[in-house]
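Coordinate inspection notes
One-letter residues, chain by chain:
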Amino acid sequence: DMAHELFLALQVEQSQERRDVVRAAFRRLDTTSEGLVDMAHVVRSYNVSRHPQVSDGSKSAEEMLNEFADTLSDAVAFRRGQRSYPTNLVAWEEFEDYYKLVNGCFTTDACFCSILQKVWDLDKMPNTAIDARAVLARPAAGVPAKSRVGLHHWQANTLPSNVTHHNVDNCINVGDVLHRVRRQVAQNGLKSAMNVVENFCAVDDDMDDLVDVYEFREACRRSNFTLRDAEEVAIFEECNTDESRGSAHEGGKINVQQFLRLLQGPMGELRRDAVRTAWQAICEDDIRGNIGPAQLKESFNAEAHPLVARAQLEPGEALNEFLNTFSLLAHLRGGCQNGVVAFSDFLAYYEVVSSTVDNDAYFELLLQRLWQPGAADMNSAPSGPPFAKSRRSPLADQRPPPHSGPSAYWRAEATNSPDKEESHRRFMRKDGPGDTEQPPVPGYSPITKSSIVFDDHDSGELGTVMRRLRESIRKRGIKGWKNLVQRFQQNDHRGNGTVMRLDWERLHRTLGLGLSSEEQQILFKGFSATRRDGAMNYRDCLRSLCGPTSDTRQLLVDRLFDVLSEGHDLVPAETLKAEFDARNAPPCLLGLMSEKQMCSDFWDAVDFFGGVAGFDADRFAEFFQLFSALHPEEDEFRFMTTAAFGLSVGGTSGQGGA
């Protein structure tokens, strides 16, 4: 009696939440609803591998299972007493009293309920709503329905083909299914892809890298994507492991890491090279080197992120997203051993990033910008086969080198007074009053007597106006250049490359170039100062707007011409349009323009500047000089002359798939 009173005193009253969980566990065991379950069935149903102490390695599965079986049998035997009839059945009251006895071992309701839900698989209760998907419209699937189309004729194969109604002979392609899920996840960004990894690792609470069909469905639900029953079966068959054979219906399991690799898709060799190049730059060309988290954070160039450049993301937000997602993946993978980041950790992170990026060129551009100067040197000459003899455009060197010696109006007597500064006042358009020498007027050349300064491309008021006009045209893309040149030619009534003042003002107003009246006058005077008829030389204006093409960029243009001309002296306009891939053009990579709009603008520009004859070497160089003005960043221009035409950024081979 004293022992029984002690037994009752040790019992702790359970909360309603704990009683509900215990009742749910017994109902799962009592499939016949008789209120009695076999002891062996209870022990066999106890999923010891999901117990937290087994998952963290503090106890073995065998030790924990023996402890549960012994304590349960002892508690039942003690409750019945010595005179009870021996039986292997456990009643509901005995099962409930057992958990009342061990109730005090759990400090919180959350801990108690979480452990019982795991060890009794309460979170894997059969879901009839999910299981019923397999039998939806099963009698009609694959059966050709008929409808009368005439008095004696029937029409077959009228059954609609969709997710629910499909032919039984159609096989599920796992690659297509995973590609659909991958695209769905990628639409929500990098955080969503990392959440998928986290969800599938979280449902594997016994940490054996294996999940069954119920855990798989729970992870899919958390990740906000669904799969049909046939698709689940195909995935389980594809990801089955030797130690857990069986389909989704047979209680089989799949390897989590193998499924995640299939879901993320393979990373192409070009992408791996881009990741390797970025890592070598961070570690100073040591691919096997390790770095600290602080160095990795310092090397991340958030300001150059494409979304930051588009003002869709703040630099701090881009940096926080990288740090949070990188640390989360390292925690899930068990990476960054000893507190250092290895190349394997860096590669594993960008394997997940790669699954959210559909375009090889954008992936490479992203790495180059985020890890500069860690990315490939964009100022180096392109690799590949030997180049043909460099074809220099006549516009490549429009201006003579700066003149540092005495001018053409130098006077010998000026050397007798070294403190006296040489002046060309009397040769300038604006003379100072009287005979007193005045300093040179800023913004005017003493040699040409015009406002175009040859040793400084963007100096003075004219330079400021030119920069504003160049930026206005750059925002419009190649279509802006085409419209500007076309309007100049339409207003060139004399056909000598000039326009009059009223025509220039009308042209500016029609195109909406955004210059003020004073700026229009400055630009007109700057390019009409050398002409006696007072007309503006728009050809000089266009050359000045384009600016010179560097040797590195000219090599890229020459290589592209060699590839497209195929050994001839001409690139047909149709060839240039056919080889252009708008999705790899910088405006599309950076999200500034749709592929359809970019393709339309490029085709119109090719037809306008190339005409029926096409592009010879000089005209080809002049055409891409416009793109050089549109893309001041070296990497953008390189992608425009390589990836946009199917060439590798580093060579002449085609892009590889991701």
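Since the structure is predicted, the reported quantities are computational estimates derived from the model, not experimental observations. (Residues numbered from 1 in each chain as written. Predicted model: local features only at pLDDT ≥ 70, side-chain atom pairs only at ≥ 80, totals over all residues. Heavy atoms only, no water.)

With that out of the way, let us pick up the nonpolar core. Ranked by internal contacts, the top residues of the largest apolar core, which has 69 residues, are Phe 200, Phe 259, Tyr 350 and Trp 371. Element by element, the count of residues in this core is highest for helix H10 (residues 190-203), at eight residues. Discounting residues that sit within four places of it in the chain, Phe 200 has contacts with Val 211, Phe 216, Ala 219, Cys 220, Ser 223, Phe 225, Val 256, Phe 259 and Leu 260. Leu 513, Leu 545, Cys 546 and Phe 637 belong to the second largest nonpolar core, which has 56 residues in total. (Core = buried A, V, L, I, M, F, W, Y, C linked by side-chain atoms within 4.5 Å. Buried < 20%, exposed > 50% of the residue type's maximum accessible area, 1.4 Å probe, protein only. Helix = DSSP H or I, 4+ residues; strand = E, 2+ residues; numbered from the N terminus. Contact = heavy atoms within 4.5 Å.)

Turning our eyes to something else, we now look at the packing of helix H25 (residues 551-565) against helix H30 (residues 634-641). In helix packing, the relevant descriptors are the interaxial angle and the interaxial distance, both defined with respect to the helix axes. One way to put it is that H25 packs onto H30 with a least axis distance of 9 Å and a crossing angle of 10 degrees. Relative to H30, the element H25 is oriented roughly parallel. On the side of H25, the interface is formed by Thr 552, Arg 553, Leu 556, Val 557 and Leu 560, while H30 contributes Glu 634, Phe 637, Arg 638 and Thr 641. Its residues assigned to classes, the contact of H25 with H30 comprises four nonpolar, two polar and three charged. (Axes fitted to C-alpha atoms, helices over the stretch in contact; angles between N-to-C directions. Parallel < 35°, antiparallel > 145°, perpendicular 65-115°, else oblique. Nonpolar A, V, L, I, M, F, W, Y, C, P; charged D, E, K, R; others polar.)

Right, let's get into the side chain of Arg 369. Of note, Arg 369 is situated in helix H19 (residues 360-370). Separated by 2.9 Å, the side chains of Arg 369 and Asp 635 make a polar contact. Apart from the residues lying within four places of it in its own chain, the contact partners of Arg 369 are Asn 301, Ala 304, Leu 590, Glu 633, Asp 635 and Glu 636. (Polar contact = N/O pair within 3.5 Å; in protein donor to acceptor, adjacent residues only side chain to side chain.)

The subject of this paragraph is a negative patch on the surface. A contiguous patch of negative charge, built from Asp 569, Asp 616, Asp 618 and Glu 622, is present on the exposed surface. Along the chain, the position of Asp 618 falls in helix H29 (residues 617-630). Assessed through its relative accessible area of 35%, Asp 618 is described here as partly exposed. (Patch = residues over 30% accessible without salt bridge, like charges linked within 9 Å, V, L, I, M, F, W, Y side chains within 5 Å. Areas by Shrake-Rupley, 256 points an atom, 1.4 Å probe, with all protein chains shown as cover. Salt bridge = Lys/Arg side-chain N within 4 Å of Asp/Glu carboxyl O. Lys, Arg positive; Asp, Glu negative; His and termini not counted. Charge placed at Lys NZ, Arg CZ, Asp CG, Glu CD.)

Relative to the 20 Å expected for 14 residues at 1.5 Å per residue, H29 spans 20 Å between its end C-alpha atoms, a close match to the ideal helical length. For H29, the buried fraction is high: 11 of the 14 residues fall into the buried class. Looking only at H29, the buried set comprises Ala 617, Phe 620, Ala 621, Phe 623, Phe 624, Gln 625, Leu 626, Phe 627, Ser 628, Ala 629 and Leu 630. (Expected span 1.5 Å × (residues − 1).)

So, about the pattern of salt bridges. Here the structure, examined in full by the defined rule, presents 29 salt bridges. Glu 94 serves as the salt-bridge partner of Arg 80, at 2.7 Å between the closest nitrogen and oxygen. Placement of the pair is Arg 80 in helix H5 (residues 61-80) and Glu 94 in helix H6 (residues 92-101), with a sequence separation of 14 residues. Among the salt bridges present, the one from Arg 553 reaches Glu 634, with a minimum N-O distance of 3.4 Å. Taken together, the positions of Arg 553 in helix H25 and Glu 634 in helix H30 put the pair 81 residues apart, joining distant regions of the chain. For Arg 553, a relative accessible area of 5% corresponds to the buried category. Classification of Glu 634 by relative accessible area gives partly exposed; the value is 25%.

Here helix H21 (residues 478-490) crosses helix H22 (residues 501-511) at 150 degrees, and the two axes come no closer than 10 Å. One way to sum up the angle between H21 and H22 is to call them roughly antiparallel. Considering only the axes of H21 and H22, their crossing is right-handed. Along its contact with H21, which presents Asn 483, Leu 484, Arg 487 and Phe 488, the element H22 presents Trp 504, Leu 507, Thr 510 and Leu 511. The residue makeup of the contact of H21 with H22, split by class, is five nonpolar, two polar and one charged. (Left-handed = near helix turned anticlockwise from the far one by under 90°.)

The next point concerns unusual backbone geometry. With a phi angle near 55 degrees, Cys 336 is a residue other than glycine that sits in the positive phi range. Topologically, Cys 336 is positioned in the loop between helix H17 (315-333) and helix H18 (343-355). Its identity is not glycine, yet Glu 566 carries a phi of approximately 55 degrees, on the positive side. Along the chain, Glu 566 falls in the loop between H25 and helix H26 (573-579).

Under the criterion given, the structure shown has 45 aromatic pairs. With a centroid separation of 6.0 Å and 40 degrees between ring planes, the pair formed by Phe 602 and Phe 627 is classed as tilted. Here Phe 602 is found in helix H28 (residues 595-610), whereas its partner Phe 627 is found in helix H29, with 25 residues between them in sequence. Since its relative accessible area comes to 0%, Phe 602 is described here as buried. A connected cluster of aromatic rings, assembled from ring pairs, spans Phe 561, Phe 580, Phe 602, Phe 608, Phe 609, Phe 615, Phe 620, Phe 623, Phe 624, Phe 627 and Phe 645. (Phe/Tyr/Trp six-rings, centres within 6.5 Å; stacked < 30°, edge-to-face > 60°.)

What follows is about the environment of Ser 223. Note on placement: Ser 223 falls in the loop between helix H11 (213-222) and helix H12 (229-238). For the pair Ser 223 and Asn 199, spaced 24 residues apart in the sequence, the C-alpha separation amounts to 6.8 Å. Polar contacts involving the side chain of Ser 223 include one to the main-chain carbonyl oxygen of Ala 219, which spans 2.9 Å.

In terms of burial, H6 is largely enclosed, as seven of its 10 residues are buried. Taken residue by residue, H6 has Trp 92, Glu 94, Phe 95, Glu 96, Asp 97, Tyr 98 and Tyr 99 as its buried positions. The inward-facing, buried residues of H6 abut helix H2 (16-29), H5, strand S2 (89-91) and helix H7 (109-119).

Function cannot be read off these values alone, since they describe shape.
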